[in-house]
Amino acid sequence: MKAFLVQLRIQVKSDLRDKGILMVYYLVPLVFYAVMGSIMKTLEMDSGTPLNFSITIFALSMSAFLGMPQALVKARETGILDAYKAAGIPAWSMPLATIVISTFHIMIVALVILFSAPYLFASELPGNIGLYLLAVLLIALCSETLGALLSCFVKKQNTLTLVSQCLFLPTIMFSGIMFPANLLPKPMQWIGEILPATQGMHMFSQAGLHMQPLIILCAMTIVFFAVSASLFRRISARK
Amino acid sequence: MIKVNNLQRSYGSKQVLKGVSFSVNQGEIFALLGANGAGKTTTIECLEGLRKWNVGEIEVEGVSVAKSPDKIRKILGIQLQSTALADNMTAKEAMQLFCAWHSVTYRGDLLERFDMGGEYLNKTYVSLSTGRKRRLHLALALCHRPRLLVLDEPTAGLDVEGRNTLHQEIRRLRDEGVTILMATHDMAEAETLSDYIAILRGGVIAREGTPMELTAASDIQSRVLVKTRNDSLREILPHGLEKLETTPEGYSVFKCKDAAELLLTLLPHIQKHGDTVTDLRVARASIEDIFLSVAGGAK
């Protein structure tokens, strides 16, 4: 446990030196937040979901599908995982540390958005901030385990850049972040239903917290985690 | 220290290891030589517990690698051929991480020893040269004070200076009692550095011995090059001696099994003709020659 905590500390420090990570986890989501917030405020648009929540889902989807899987595939492709294994560092520590740290970055961005939106864009604070953050945490974990699952099927970073768009773009287009999902054609709505972000949007609307999508998200997280952990273990154990 | 017995490993229908057996003694530098694809890396990855094998036994200090891989990792320090760390991790952080997982206190002394202290301590991995990265990985492999160090192509991609520095460090580790198993295809490295050599060919150990034993037991003849002031070896030769060629620089070239015996015949002959030797070179059979003869090639 102590060693894992040291690994987390070192990986956080190492991440903060990485311009790519800062870009994917912080800069792009916050710039998107600033632009979308301004547009929605100017046009007085109402998508049916609080601005801070939809932008947070955008930010966490970007981190989970474009940032986190890249780190895992890179670790396998460049030999970092082999170096760890040779030193007796357990294979599970790498994906777990990456998921924990990715969640850490996401929660920082979520807090920045949550508390700045009322001042910048006159967005309302959620009634129960604790519940709101728990919901964000659950969607983040579900998306990251899906990202981890994706990383198990792709061997090269270049391929992953393309493949991860197959998750990220539908998330942006079909989940209701940009515009109400019920305006989309039915097939797109069906596709959207299997995405964590869509369930997240169902779960936390302005009407409050809904239980059914929460249960679906929990189930998805468990399945994605179990399958990706099993696949990662198989991949990292040489035949 | 290490006993490998009848190690066999196939990749699909291709059998790479067909019964590799060898022993490594405590405190020696053992070089496993072989061409690319000969199975050196497979052999040592099996030994490290990173790869499974089909048939055979590997023991380190009497402990079975197959049965107790975790126990072996405590004895073993490993430097892989192809390895890396996170781009933005510093040398100091890497050492902290590896020490934490080995449950030992931070080994700044090792970084200093491998010239990775001072300005290099806080340099990120991506900014280090190939040589520095090799030194860092070697330091990391030693953080838990292993009794056995396994190096896969330790000097691949290094310049002459980097190679020499690493060779010195490897010798120093041997002198401190660390047993070193090294896989390499660099014949000169194996010859100068190792106490014992095993040549892997066709999935088995084709030849083994100390560098001296291997070259002495070889049928490959030494080349003796002699240059004299008056060129007395151009036409007249002692009875029974046959010259291979005369080089454009004026050296008479002889091939023989025993250079000392040849010189005992040659030098009186030169003196007898009032001539003197101006240069003498003996090129004995090298490990590279042995390797090529084992591989079925010719030099």
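Thresholds, definitions, all that
- Residues numbered from 1 in each chain as written.
- Chains lettered and ligands numbered in written order.
- Predicted model: local features only at pLDDT ≥ 70, side-chain atom pairs only at ≥ 80, totals over all residues.
- Heavy atoms only, no water.
- Pairing = 2+ DSSP bridges.
- Helix = DSSP H or I, 4+ residues; strand = E, 2+ residues; numbered from the N terminus.
- Axes fitted to C-alpha atoms, helices over the stretch in contact; angles between N-to-C directions.
- Contact = heavy atoms within 4.5 Å.
- Domains from an automatic or database assignment.
- Buried area = accessible area lost by both parts, 1.4 Å probe.
- Salt bridge = Lys/Arg side-chain N within 4 Å of Asp/Glu carboxyl O.
- Polar contact = N/O pair within 3.5 Å; in protein donor to acceptor, adjacent residues only side chain to side chain.
- Buried < 20%, exposed > 50% of the residue type's maximum accessible area, 1.4 Å probe, protein only.
- Lys, Arg positive; Asp, Glu negative; His and termini not counted.

1. Some words on the sheet that holds strand 6 (residues 76–79) of chain B
All names here are of chain B.
(1) Moving on: Taken in spatial order, the six strands make up an open sheet running 6-7-8-3-9-10, and their pairing is mixed. Edge positions in the sheet fall to strand 6 and strand 10 (204–209), since each of these pairs with one other strand and no more. Strand-to-strand, the axes of this sheet are offset by a mean angle of 15°, without reference to chain direction.
(2) Moving on: Bridging between strand 3 (residues 29–34) and strand 8 (residues 179–184) involves five bridges; their strand directions are parallel. Bridge pairing in strand 8 places L32 opposite A183.
(3) Moving on: Together, strand 3, strand 9 (196–201) and strand 10 form the strand contacts of helix 10 (residues 287–294), whose direction differs from that of strand 9 by roughly 30°.

2. Some words on the pairing of strand 10 of chain B
All names here are of chain B.
(1) Moving on: Note: strand 9 against strand 10, five bridges, orientation antiparallel. By the bridge assignment for strand 10, I199 is matched with R207.
(2) Moving on: Linking strand 9 to strand 10, which pair antiparallel, is a turn of two residues; within it G202 sits at a positive phi near 60°.

3. Focus: the domain arrangement of chain B
Residue and element names in this part refer to chain B.
(1) Moving on: Per the domain assignment, the segments making up chain B are domain 1 (2–216) and domain 2 (222–294).
(2) Moving on: Between domain 1 and domain 2, the residue contacts involve 14 residues of the former and ten residues of the latter.
(3) Moving on: For the pairing of domain 1 and domain 2, the buried interface totals around 1,100 Å² over both sides, and the portion due to carbon and sulfur atoms is 73%.
(4) Moving on: The largest per-residue losses of area from domain 1 upon contact with domain 2 belong to M187, E191 and T215, which jointly make up 46% of the total buried on that side.
(5) Moving on: On the surface where domain 1 and domain 2 come into contact, there are zero salt bridges.
(6) Moving on: Summed over the shared surface of domain 1 and domain 2, the number is one residue pair in polar contact (both at pLDDT 80 or more).
(7) Moving on: At the level of secondary structure, the elements contributing two or more residues to the side of domain 1 that touches domain 2 comprise strand 3, helix 7 (187–193), strand 9, strand 10 and helix 8 (211–216).
(8) Moving on: Looking at the side of domain 1 that touches domain 2, the element that brings in the most residues is helix 8, giving four residues.

4. Topic: the side chain of R134 of chain B
All names here are of chain B.
(1) Moving on: Mapping R134 onto the fold places it in helix 5 (residues 130–141).
(2) Moving on: Although R134 is buried, it makes no salt bridge; E153 carries the closest opposite charge, 7.8 Å away.
(3) Moving on: The contact partners of R134, leaving out residues within four places of it in the chain, are Q79, L80, Q81, D152, E153, P154, A156 and L158.

5. Some thoughts on unusual backbone geometry
As a rule of thumb, non-glycine residues mostly have phi less than zero, and peptide bonds are mostly trans rather than cis.
Residue and element names in this part refer to chain B.
(1) Moving on: In the Ramachandran plot, R145 falls in the positive-phi region, its phi being about 50° despite a non-glycine side chain.
(2) Moving on: Relative to the elements of secondary structure, R145 occurs in the loop between helix 5 and strand 7 (148–152).
(3) Moving on: Given the relative accessible area of 57%, R145 is considered exposed.
(4) Moving on: Even without a glycine there, the phi angle at E153 is positive, about 45°.
(5) Moving on: Judged by its relative accessible area of 5%, E153 falls in the buried class.

6. Concerning helix 10 (residues 196–203) of chain A
Because an α-helix completes one turn every 3.6 residues, residues spaced three or four positions apart along the sequence face the same direction.
(1) Moving on: In terms of residue burial, helix 10 of chain A counts as a mostly covered element, since seven of its eight residues are buried.
(2) Moving on: For helix 10 of chain A, the full list of buried residues reads P196, A197, T198, Q199, G200, M201 and M203 of chain A.

7. Looking at the interface of chain A and chain B
(1) Moving on: The interface is formed by 27 residues belonging to chain A together with 24 residues belonging to chain B.
(2) Moving on: Buried surface at the junction of chain A and chain B, summed over both partners, amounts to about 2,300 Å²; 61% is from carbon and sulfur atoms.
(3) Moving on: At the boundary of chain A and chain B, one finds three salt bridges.
(4) Moving on: Here K74 of chain A makes a salt bridge to D87 of chain B, at a shortest N to O gap of 2.5 Å.
(5) Moving on: Counting residues per element, the side of chain A that touches chain B draws most heavily on helix 1 (residues 2–16) of chain A, at eight residues.

8. Section: the sheet that holds strand 11 (residues 222–228) of chain B
All names here are of chain B.
(1) Moving on: Strands sit in the order 12-13-11-14 across an open sheet of four strands; the sheet is antiparallel. The strands lining the two open edges of the sheet, one partner per strand, are strand 12 (245–246) and strand 14 (277–283).
(2) Moving on: The sheet contact formed by strand 11 and strand 14 spans six bridges and is antiparallel. The partner of V224 across the bridge, within strand 14, is V282.
(3) Moving on: Lying on the sheet, helix 9 (residues 259–272) is in contact with strand 11, strand 13 (252–256) and strand 14; it crosses strand 11 at an angle near 15°.

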